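Structure assessment
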Amino acid sequence: MIGIGKTAFGAFPDRDIRSLAVEAIGNALADANVPPELIEAFYLGNFAGPSFVGQNHLAPYIGIAAGLRPGIPCTRIENACASSGSAFFHAWQSVAAGIYDAALVGGVEKMTSQPTPKVTEILAGAGDMSGEGAAGATFPALFAMIARRHMYQYGTTREHLAAVAVKNHANGAKNPLAHMRKVVTFEQVLAGKSIAEPLTLYDCSLVSDGAAALVLVPLDRAPEFTGRFVQVLGIAQTSDSVPLDQKEDITTFRAVRTAGEKAYAMAGLGPRDIEVAELHDCFTIAEIVASEDLDFVAKGDGGPFAAAGCTAIHGKIPINASGGLKSKGHPVGATGAGQICDVVMQLRGDAGERQVTRHRTGLAQNLGGSGATCVVTILGVR
Amino acid sequence: MRDPGDGVVYTETIVWAAPPAYAADAPYQLAIIDLDAGGRLTARVIESKVHIGDRVRFFEYRNGVAYFRKS
């Protein structure tokens, strides 16, 4: 990976989906010191451009506007909230297989032009609309049911969930590109408006606009462009059944566990080797479950682990030093690519006030739906 | 539609922020039911609130959605 680029995440009523994506791509190409004509393939992650803003055919729409060479393949990939993690996986595959010498990954979503109830309805389409969706399950409701079961099986408490929100807001307050740069207190989280019990407003990630992009080249060619390249050490994309009620144990995501195992094996590393991680905290409970599924902590202990400060910026394993989806924002299609950009910033030592102490090896975990897609990427610097 | 029979609450939530189609129902209780006949079903629970482990009885289908109540 030789270049990264992001827009700020937030609510930008004056920006359209194309201009956000083009800005992120321009930043990534400039960072990589690569002219757009050199890109041989473009993979764009986007969840619901057609529903949010009425625009289809997004990959060439954005790619050509960003100055990419007409004639190259431009492809949109949709895997719910794991869309741009999946786009990254496919770009990596094509470069690693020797098909392309330079591939561009983008991710974008423009969500805030719709009112929140409509956003909730569009997001619900990442679940099973003939089953859980028809019964009235929103995404907060699905993760609320996961939280309830995790509480029942492992004794996780409302306070444990709040600890994740407080930590991620504290981190996001230090991130100039974050949507909500605001510290919140335990009391605020606990007294928050109920969305789906036991989750309050502060347990839910934000509805945001934003884009992110990355440039990938074969490892042996990276030094031609920059001395600050970051290597993909391990990566896996996995899937599982979409409906939550088809998963045997909803306190664990099989797709995450499997993606983690595969990525660790490919990297020849284990969870103790990871020094900084961006985990998919679409809801506070999701970060707790992911920290367990990736073996940072034993199953069931993720709540107390977070509450003890072990996942803070200078904790045992810093999780979501960027502020996470919770505070940085969650423009769904941009999230996976954005997480990888955030890990790259940490590995390069460019994370400013959010910089973690040790930063040679990092991990990004991008989740789609209630665990039907997962992409785990392990990155390192020499 | 087939009667799914009785079951036990595997997990539940009360939804306050509903999509437009269900806004009039909110707050409503949603649960995943472990059916006695095998398998799981995402359903609505009406009348009294239920918790994990409570036994529930199928009541009726409304627009293709199963409604249960505490037994």
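This section reports on the structure supplied with the text. (Residues numbered from 1 in each chain as written. Chains lettered and ligands numbered in written order. Predicted model: local features only at pLDDT ≥ 70, side-chain atom pairs only at ≥ 80, totals over all residues.)

Within chain A, the secondary structure is distributed over 13 helices and eleven strands. For 382 residues, the compact-globule estimate of 2.2 N^0.38 gives 21 Å, and chain A sits close to it at 19 Å. Over its C-alpha atoms, taken along the principal directions, chain A stretches across nearly 55 × 45 × 35 Å. For chain A, the proportion of its 382 residues judged to be buried stands at 63%. The contacts in chain A between residues at least 6 apart in sequence include a share of 78% that link residues at least 24 apart. (Helix = DSSP H or I, 4+ residues; strand = E, 2+ residues; numbered from the N terminus. Rg over C-alpha atoms; globule rule 2.2 N^0.38 Å. Buried ≥ 20, exposed ≤ 12 C-beta atoms within 10 Å, placed from the backbone. Contact = placed C-beta atoms within 7 Å.)

In this complex, chain A contributes 26 residues to the contact, which on the side of chain B involves 24 residues. Per-element tally for the side of chain A that touches chain B: the top contributor is helix H6 (residues 139-154) of chain A, with seven residues. Residues that form the side of chain A that touches chain B fall into these classes: 14 nonpolar, five polar and seven charged. (Nonpolar A, V, L, I, M, F, W, Y, C, P; charged D, E, K, R; others polar.)

A few words now on the environment of Cys 282 of chain A. Inspection of the secondary structure assignment puts Cys 282 of chain A in the loop between strand E9 (276-278) and helix H10 (284-293). Other than its neighbours up to four places away in sequence, Cys 282 of chain A contacts Cys 81, Ser 205, Leu 325, His 330 and Leu 367 of chain A.

Residues and elements named next belong to chain A. Pairing within the open sheet is mixed, and its five strands lie in the order E1-E7-E4-E2-E3. On the outer flanks of this sheet lie strand E1 (3-6) and strand E3 (74-77), each paired with one strand and no other. Within the sheet, the average angular offset between the axes of one strand and its neighbour, ignoring direction, is 15 degrees. Against the sheet, helix H3 (residues 58-65) contacts strand E2 (41-45), E3 and strand E4 (103-110), and its axis sits at roughly 130 degrees relative to E3. (Pairing = 2+ DSSP bridges. Axes fitted to C-alpha atoms, helices over the stretch in contact; angles between N-to-C directions.)

Glancing now at the packing of helix H1 (residues 17-32) of chain A against H3 of chain A. Between two packed helices, the angle of one axis relative to the other and the distance separating the axes together describe the packing. All names here are of chain A. Where H1 contacts H3, the axes come no closer than 9 Å and their chain directions differ by 55 degrees. Relative to H3, H1 is oriented oblique. Read as a crossing pair, H1 and H3 show a hand that is right-handed. Facing Arg 18, Ala 21 and Val 22 of H1, the residues of H3 in contact are Tyr 61, Ile 62 and Ala 65. A per-class count over the contact of H1 with H3 returns five nonpolar, no polar and one charged. (Parallel < 35°, antiparallel > 145°, perpendicular 65-115°, else oblique. Left-handed = near helix turned anticlockwise from the far one by under 90°.)

Residues and elements named next belong to chain A. With ten of its ten residues buried, H10 lies for the most part within the structure. Here H10 has its buried residues at Thr 284, Ile 285, Ala 286, Glu 287, Ile 288, Val 289, Ala 290, Ser 291, Glu 292 and Asp 293. Elements that come into contact with the buried residues of H10 comprise H6, helix H7 (158-172), helix H9 (254-267), helix H11 (302-307), helix H12 (324-327) and strand E10 (361-368). Two residues or fewer past H10, Asp 295 is found with a positive phi of approximately 65 degrees.

Residue and element names in this part refer to chain A. Strand order in the open sheet formed by four strands is E8-E11-E10-E9, and the pairing between neighbours is mixed. Since the sheet does not close on itself, it has two edges, and those belong to strand E8 (231-239) and E9, each with one partner. Recorded for the sheet is a direction-independent mean angle of 10 degrees between the axes of neighbouring strands. One ladder, built from three bridges, connects E9 with E10; its direction is parallel. What sits directly across from Ala 277, in E10, is Leu 363. Those strands touched by helix H13 (residues 335-348) are E9, E10 and strand E11 (373-380), and its axis lies near 170 degrees from that of E10.

All names here are of chain A. Where burial is concerned, most of E2 is hidden: five out of the five residues are buried. Covered by surrounding structure in E2 are Ala 41, Tyr 43 and Gly 45 together with Phe 42 and Leu 44, the residues of both alternating faces. Here E2 pairs with E4 via five bridges, running parallel. Each bridged residue has a counterpart across the sheet, and for Phe 42 the counterpart in E4 is Leu 104. Looking at chain direction, E2 and E3 are connected through four bridges and run parallel. Across the sheet, Leu 44 pairs through a bridge with Arg 76, a residue of E3.

Attention now moves to H7 of chain A. Residue and element names in this part refer to chain A. For H7, which comprises 15 residues, the first-to-last C-alpha distance of 21 Å matches the rise-based estimate of 21 Å (1.5 Å per residue) to within 8%. Summarising burial for H7: twelve of the 15 residues are buried, a large majority. The set of residues buried in H7 consists of His 160, Leu 161, Ala 162, Ala 163, Val 164, Ala 165, Val 166, Lys 167, Asn 168, His 169, Asn 171 and Gly 172. (Expected span 1.5 Å × (residues − 1).)

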